[in-house]
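Residues per chain, in single letters:
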Amino acid sequence: MNFEISLIWESLPKIAEGAELTVRLHLLSLVFGTVLALGLVLMRISGIAILSWPAFAYIYVFRGTPLLVQVFLIYYGLAQFEFIRASPLWIILREPFWCAIIAFSLNVAAYTAEILRGGIQGVDQGLHEAGRALGLSTSQRFIHVTAPIAIRLSLPAYGNEMISLMKGTALVSLITMYDITGVARTIMARTFAPYEIFISAAIVYLGLTWLIQRAIAHAERRFSRYVRA
Amino acid sequence: MADKTSAAMIQLDRVTKSFGSFQALKGVDLAIERGQKVVVCGPSGSGKSTMIRCINRLEEHDGGRIVVNGIELTTSVKDIDAVRREVGMVFQQFNLFPHLTAAENLMLAPRLVRKIPRKEARELAMHYLERVHIPEQADKYPAQLSGGQQQRVAIARSLCMKPEIMLFDEPTSALDPEMIKEVLDVMVELARDGMTMIVVTHEMGFARSVADVVVFMDNGEIVEQAPPQDFFHQARSERTKAFLSRILTH
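Let me sum up the structure you'll find in this document. Since this is a predicted model, take the numbers as computed values, not measurements. (Residues numbered from 1 in each chain as written. Chains lettered and ligands numbered in written order. Predicted model: local features only at pLDDT ≥ 70, side-chain atom pairs only at ≥ 80, totals over all residues. Heavy atoms only, no water.)

Brief notes about the overall build of chain A
In step 1: Helices and strands together make up the secondary structure of chain A, namely 10 helices and 0 strands.
In step 2: Each helix and strand of chain A, placed in order from N terminus to C terminus, yields the pattern α-α-α-α-α-α-α-α-α-α.
In step 3: Counting only C-alpha atoms, chain A reaches 70 × 55 × 25 Å along its principal axes.
In step 4: Across the 229 residues that make up chain A, the buried fraction comes to 45%.
In step 5: Here the contacts in chain A between residues at least 6 apart in sequence split such that 77% fall between residues at least 24 apart.
In step 6: Of the roughly 12,300 Å² that chain A leaves accessible, carbon and sulfur atoms contribute 68%.
In step 7: Distance between charge centres in chain A, computed from 18 positive and 13 negative side chains, equals 9 Å. (Helix = DSSP H or I, 4+ residues; strand = E, 2+ residues; numbered from the N terminus. Buried < 20%, exposed > 50% of the residue type's maximum accessible area, 1.4 Å probe, protein only. Contact = heavy atoms within 4.5 Å. Areas by Shrake-Rupley, 256 points an atom, 1.4 Å probe, with all protein chains shown as cover. Lys, Arg positive; Asp, Glu negative; His and termini not counted. Charge placed at Lys NZ, Arg CZ, Asp CG, Glu CD.)

Here's what the structure looks like:
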């Protein structure tokens, strides 16, 4: 077979243009998903059955089904319903971009809620007791003691989640969008050079991963200043 | 020291507490006057820690009464908060907040609970850090301090809330031998200033020099309580004698 290294470099700029969409999907879903995760984890650890069970069920469903299935259900599935097409929601739900954001956010929320739960449970019980003995209320203890420590404990796993979401955004190429993978597929259809083009796409993804890793390492350093002497 | 009203600062009447099927306290009676120093000793699992943890409601007693400075401990949140304002506690594992500096550890509760402005809270913190002789460590994180320094910060953190009573739950048990003295010295100074103290410890030297009363617990009960001279030289119960011979020989 022919292998043209030059094709990798030539296609890079075009594919990198798709990166803009990838990054937008990634950042928006992360923000929405993480906010949602905060609510979920509070419900999950509330100790109140009518709050913790729905949160548990939600997390089970969204961690237990493939992301692609979730994207298809929202993009193709919801469009089947006449009342949805007739509702004002349709303005959002007919856009593949927003369908993807919704699916990714819901999915990230489920994973992040579990990551945060692990972090919260990792906080030493003795610190709660010290807080209680000093007269801090439950919410004061959560905000000033548990949360800052739980964030540090959660960061490595959250970094993994960020990277895995970034790769997950490639699924939007299956619902008509031109992200990195989507652009790569169209170029491939023209050139019939799958190796070169997808290597080029992989390079762009690796670049993004590198940026995420740097950001997480930076955050870990900031939140761990106090750990080592 | 039993003066005028003789109303005890801390009063326990037939206090019981179980964890599942294990009965940790089997009807404990104890009365402590204002300014008294009580040392509690006994084998592990005897209920010493459980008893003092009931006094500031870190554990909830199942039976009997606990009255602290006139406030009975019930399920009322207001009463529990009121008691916790009166009672400071020092733990075996220090339990300093690792993400806050020494000074910030001291400032947190005054700012949040007593609503003292940051600047005043900082002054208060520095005052108490000086009292435990480590003002120069104010801006270090707990991980940067030795065990003895951490425990002194923990003592200062409790003092910042100006408690009437201090509880110590094996404050030197997690420390290397060379650091025990610096912590005990601070506790001795606190005792001299008239603080009401209950100290769970096996430091019998401390008990001899500071305690008004030594309490020996075994198996969820108070077996013996006496002033230190009597306690160490003419213990009445066999269980006390056996315990003393074990811990005084090394």
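Thoughts on the side chain of T201 of chain B
Residue and element names in this part refer to chain B.
In step 1: Assignment of secondary structure puts T201 in the loop between β8 (196–200) and α7 (204–210).
In step 2: With relative accessibility at 5%, the residue T201 sits in the buried group.
In step 3: In this view, T201 contacts V39, V40, C41, T172 and F206; residues no more than four positions away in its chain are not counted.

Some points on the sheet that holds strand β2 (residues 22–32) of chain B
Residues and elements named next belong to chain B.
In step 1: The strand order across the open sheet formed by 4 strands is β2-β1-β4-β5, and the pairing between neighbours is antiparallel. Two strands bound the open sheet, and with one partner strand each, they are β2 and β5 (71–72).
In step 2: Pairing of strand β4 (residues 63–68) with β5, which is carried by 2 bridges, proceeds in the antiparallel orientation. Looking at β5, one finds that V67 is bridged to E72.
In step 3: Along the sheet, helix α1 (residues 48–55) makes contact with β1 (10–19), β2 and β4, crossing β2 at roughly 60°. (Pairing = 2+ DSSP bridges. Axes fitted to C-alpha atoms, helices over the stretch in contact; angles between N-to-C directions.)

With respect to the interface of chain B and chain A
In step 1: Between chain B and chain A, the residue contacts involve 24 residues of the former and 19 residues of the latter.
In step 2: For the pair chain B and chain A, the summed buried surface comes to about 2,000 Å²; carbon and sulfur atoms form 67% of the total.
In step 3: Across the chain B-chain A interface, the total number found is 1 salt bridge.
In step 4: In this structure, the salt-bridge partner of R53 of chain B is E129 of chain A, at a minimum N-O distance of 2.6 Å.
In step 5: Counting the contacts that link chain B with chain A gives 6 residue pairs in polar contact (both at pLDDT 80 or more). (Buried area = accessible area lost by both parts, 1.4 Å probe. Salt bridge = Lys/Arg side-chain N within 4 Å of Asp/Glu carboxyl O. Polar contact = N/O pair within 3.5 Å; in protein donor to acceptor, adjacent residues only side chain to side chain.)

Here's the deal with the packing of helix α1 (residues 5–44) of chain A against helix α9 (residues 180–191) of chain A
Residues and elements named next belong to chain A.
In step 1: Packing of α1 against α9 leaves a shortest axis separation of 7 Å and a crossing angle of 145°. Here α1 and α9 pass one another in a crossing that is right-handed. Between α1, through S11, K14, I15, G18, A19 and T22, and α9, the contact on the second element is made entirely by I180, V183, A184 and I187.
In step 2: In terms of residue class, the contact of α1 with α9 is built from 6 nonpolar, 3 polar and 1 charged. (Left-handed = near helix turned anticlockwise from the far one by under 90°. Nonpolar A, V, L, I, M, F, W, Y, C, P; charged D, E, K, R; others polar.)

Quick look at α1 of chain B
In step 1: The buried fraction of α1 of chain B is high, at 7 of 8 residues.
In step 2: The complete set of buried residues in α1 of chain B reads K48, T50, M51, I52, R53, C54 and I55 of chain B.

What to know about the sheet that holds strand β10 (residues 221–226) of chain B
Two pairing modes exist for strands in a sheet, parallel and antiparallel, and in both the strands are linked by backbone hydrogen bonds.
Residues and elements named next belong to chain B.
In step 1: Overall, mixed pairing links the 6 strands, which are arranged β6-β7-β8-β3-β9-β10 in an open sheet. In this open sheet, the two strands that pair with only one neighbour each are β6 (87–90) and β10. The average undirected angle you get between the axes of adjacent strands in this sheet is 20°.
In step 2: Alignment of strand β3 (residues 37–41) against strand β9 (residues 213–218), held across 4 bridges, turns out to be parallel. Paired with V38 across the two strands is V213, which belongs to β9.

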